[in-house]
Protein chains: 2
Amino acid sequence: MTAPKSYRAPVLADVATAANVSVPTVSRVLNGTKYVAPELKQRVHEAIAALGYRPNGAARSLRSTQRTLVSVLAGGTANYGYAQTIQGIEIAARQAGMAVSITVVESASDEHVKRAVDLTLSQPTAGVIVLEFDRAGLRASRSLPEGLPMVVVGGGSRRVGPVAAALIDERAAGRRATEYLLDLGHRTVHHVAGPTEGKHSGRTEGWRAALKAADAAVPQVMNAEWDARSGYRWGERIAERRDVTAVFCGNDEIALGIMRALTDHGLDVPRDVSVIGFDDQPLVSLWRPALTTVDQDFEDLGSRAFGLLLRQTEGETNLPASVVTPELVIRESTAPPPH
Amino acid sequence: MTAPKSYRAPVLADVATAANVSVPTVSRVLNGTKYVAPELKQRVHEAIAALGYRPNGAARSLRSTQRTLVSVLAGGTANYGYAQTIQGIEIAARQAGMAVSITVVESASDEHVKRAVDLTLSQPTAGVIVLEFDRAGLRASRSLPEGLPMVVVGGGSRRVGPVAAALIDERAAGRRATEYLLDLGHRTVHHVAGPTEGKHSGRTEGWRAALKAADAAVPQVMNAEWDARSGYRWGERIAERRDVTAVFCGNDEIALGIMRALTDHGLDVPRDVSVIGFDDQPLVSLWRPALTTVDQDFEDLGSRAFGLLLRQTEGETNLPASVVTPELVIRESTAPPPH
DNA sequence: CTGAAAGCGCTTACAG
DNA sequence: CTGAAAGCGCTTACAG
């Protein structure tokens, strides 16, 4: 319960004094940038340990171009895909000895975008990774100044414009999932998407492409929020119809909500209705029935994004987009249609 | 495909030149720290907009004590509790106009702890919030220098030592959950905890206290990992025993794994065995049966932690710990024991 | 009220 | 190989 002593962190000059060397010499042993006599080196290390010295990052990044902070700009942090991607970035950054800062873009409004971008750029950042998972992220990536190392992360199959991109090919995955259902014998596949923000997602595009290629009817898209509750509500409506035998969902949570609604209304999944999700969240394999879904490797996505950023900070330009096609994981929630 | 122009961000001096005022004047209008003539102010704002100027945070924090970065030190980022807490911190920080940086402590080893702490402290941070959800976090909080604003976040019921703390009273919650099962008529309650790292968690302590208070037998603790797969394995063992009628689990994922194993082995939850989880993750209310669990408000926890940190940076000391007791949410996975 | 000067803690030429 | 000096982009006394 003593009053805390006011904290004056030791600075490089303190170390120099204690080790009886000059300030630049301490800097040199710290950065290993030039040869320093072993004896001095030794004294410096002892002084650092004795004083508990830690370099001041602000000062360091003011003078040098070397940065230890990479910034992430995202529409959120806690949803499955966001959290996993951020984790992937963090792990890769850690291996490179860098910390990661996160700034959430609250909405796609001009004010929120500007505020988030300003906050990010006022940190001494090596570059920024933008999660283009929603409109807020999309807007943010367009507000970044040219010349700053940056990479966008999203669900496309090719980058647009010259900016570096780490992508998951949602379109191919959506198509694959829909084709699987068609191959099982379903005449068509219904689709409950997430909120449509301006344009359809790759998942939705892939679904439509598969139906068209198979000459199947293209039912109207049902738009839900990304959560299970919203899926449940669509599930109740679907339970009342007799024409729906297969549903491809925008994500796993919607799929789980739909399955629960269907079974609550006396239908059997997959005997009466087949359901496919998107993401392969950890718990969905435990569900009854275990969910057939698309495995998105977000952690790998984040890791690839960081790799691209690092190469940019090292001066590489015009990097090819890094794109991966996710796998369909077949489990228990899909079957041939009822006779 | 033009080669990117090398990026030289405009600095304060550029704004001063463009607005035809002195450098300190620009600083003043930026920070609103002193009266500036409306006309000059106007010119400065125009110059800022024209040049797209953004203050350099490194330089700013070098000279002033004002910081726009708050650091989080944690053993992970993607698990439910971690992600939610970080989100709570982020939302509160955003409202205060601050960005958040995250550094993961890879393990409790000296090397990993030191590396994470060094990386954090080399950023221009206003203070650090440490997630004491695991041993890595616990070790990290002890390695931070005195005098630095810091708050620990964890599952205790009181802080230890003088450091500020935002807590969730797991002990009270564990006790409440166990008592509920006892009140339902179970003779005792079994417990599948997470990994025990040195000492038992508050949940386990609360469970034990409830049993002792009720004079019930205290079965041996079963230790699982935090994931559902590990819970499933314990569920298989439990299914073979006939003496287990109620299980209190360290988290929801373990509970879900156990439930699935139990039903896979022909048992009915809750008729044969009651199961209680811990966390109240979003999906568990959709499960069949919907999981009875403890609702931990991690987002609120993060928000409280940030509040405490802010007060410290404003000079307050000796802040009381902020502790909240989570609620038991009763759903479908619990019932009286079989006759 | 506004400007010229000093200085925050480092790194990077520049001398020796 | 090592040290004295300059400078990164700001903010904060200090003059006027």
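Predicted model, so just to flag it, every value in this text is computed and none were measured.

## With respect to the protein's contact with DNA strand D
Looking at DNA strand D, there are 24 residues lining it, with T25(A), R28(A), R63(A), L12(B) and S27(B) nearest. Sugar and phosphate atoms represent 67% of those atoms of DNA strand D found within 4 Å of the protein. Between DNA strand D and S22(A) there is a distance of 2.9 Å, counted from a phosphate oxygen to a side-chain nitrogen or oxygen. One of the backbone N or O atoms of L12(B) is found 2.7 Å from a phosphate oxygen in DNA strand D. For the surface near DNA strand D, the secondary-structure elements that each account for two or more residues are α2 (23-31) and α4 (57-63) of chain A together with α2 (23-31) and α4 (57-63) of chain B. Of all the elements, α2(B) adds the most residues to the surface near DNA strand D, at five residues.

## Considerations on helix α9 (residues 202-213) of chain A
All names here are of chain A. For α9, built from 12 residues, the straight-helix expectation of 16 Å at 1.5 Å per residue is met to within 8% by its first-to-last C-alpha distance of 16 Å. Within the span of α9, buried status applies to G202, R203, T204, G206, W207, A209, A210 and L211. Contact partners of the buried residues in α9: α8 (170-183), β6 (190-193) and β8 (246-249). At the exit of α9 stands D215, carrying a positive phi of roughly 60°.

## Description of the interface of chain B and chain A
In this complex, chain B contributes 62 residues to the contact, which on the side of chain A involves 61 residues. For the chain B and chain A pair, buried surface summed over both sides reaches about 5400 Å², with 58% attributable to carbon and sulfur atoms. Contact with chain A buries surface across chain B, with R54(B), R260(B) and L286(B) losing the most and accounting together for 13% of the total. Inspection of the region where chain B meets chain A yields eight salt bridges. Between R54(B) and D118(A) there is a salt bridge; the shortest N-O distance is 2.6 Å. Between the two partners, chain B and chain A, sit 16 residue pairs in polar contact (both at pLDDT 80 or more). Secondary structure elements with two or more residues in the side of chain B that touches chain A: α4, α5 (80-95), β2 (99-104), α6 (110-121), α10 (228-240) and α11 (252-264) of chain B. Looking at side-chain class alone, the side of chain B that touches chain A contains 28 nonpolar, 20 polar and 14 charged residues. Pairing geometry for strand β2 (residues 99-104) of chain A and β2(B), over three bridges, is antiparallel. Directly across from V100(A), in β2(B), lies its bridge partner I102(B).

Cut-off values and rules
- Every residue gets a number counted from 1 within its own chain, in the order that chain's sequence is written.
- Chain labels run from A onward and ligand labels from 1 onward, assigned in the order the entries are written.
- Local features in a predicted model are, by the rule used here, given only for residues with pLDDT of at least 70; side-chain atom pairs are given and counted only at 80 or more, and totals for whole chains, interfaces and linings are based on all residues.
- The basis for every side-chain value is the complete set of non-hydrogen atoms in the structure, without hydrogens or water.
- A single heavy atom is enough: if one lies within 4 Å of a molecule or strand, its residue is considered near that molecule or strand.
- Between N or O atoms, a polar contact is any pair within 3.5 Å; within protein, one atom must be a potential hydrogen donor and the other a potential acceptor, and residues adjacent in sequence are included only when both atoms are from side chains.
- Secondary structure elements are taken from DSSP: a helix is a run of H or I of four residues or more, a strand is a run of E of two residues or more, and numbering for both begins at the N terminus.
- Expected helix span is computed as 1.5 Å times (number of residues minus one).
- A simple rule labels every residue: compare its accessible area, found with a 1.4 Å probe on the protein chains alone, to the largest value its type can have, and call it buried under 20%, exposed over 50%, or partly exposed in between.
- The criterion used for residue contact is that any of the two residues' heavy atoms lie within 4.5 Å.
- Accessible surface is computed with a 1.4 Å probe, and the buried area is the amount of it that two parts give up when combined, taken over both parts together.
- We define a salt bridge as a side-chain nitrogen of Lys or Arg found within 4 Å of a carboxyl oxygen belonging to Asp or Glu.
- Charged means Asp, Glu, Lys or Arg here, nonpolar means Ala, Val, Leu, Ile, Met, Phe, Trp, Tyr, Cys or Pro, and polar covers whatever is left, Gly included.
- In short, DSSP must find at least two bridges between two strands for them to pair.

The quantities given are spatial measurements derived from coordinates; they are silent on function.
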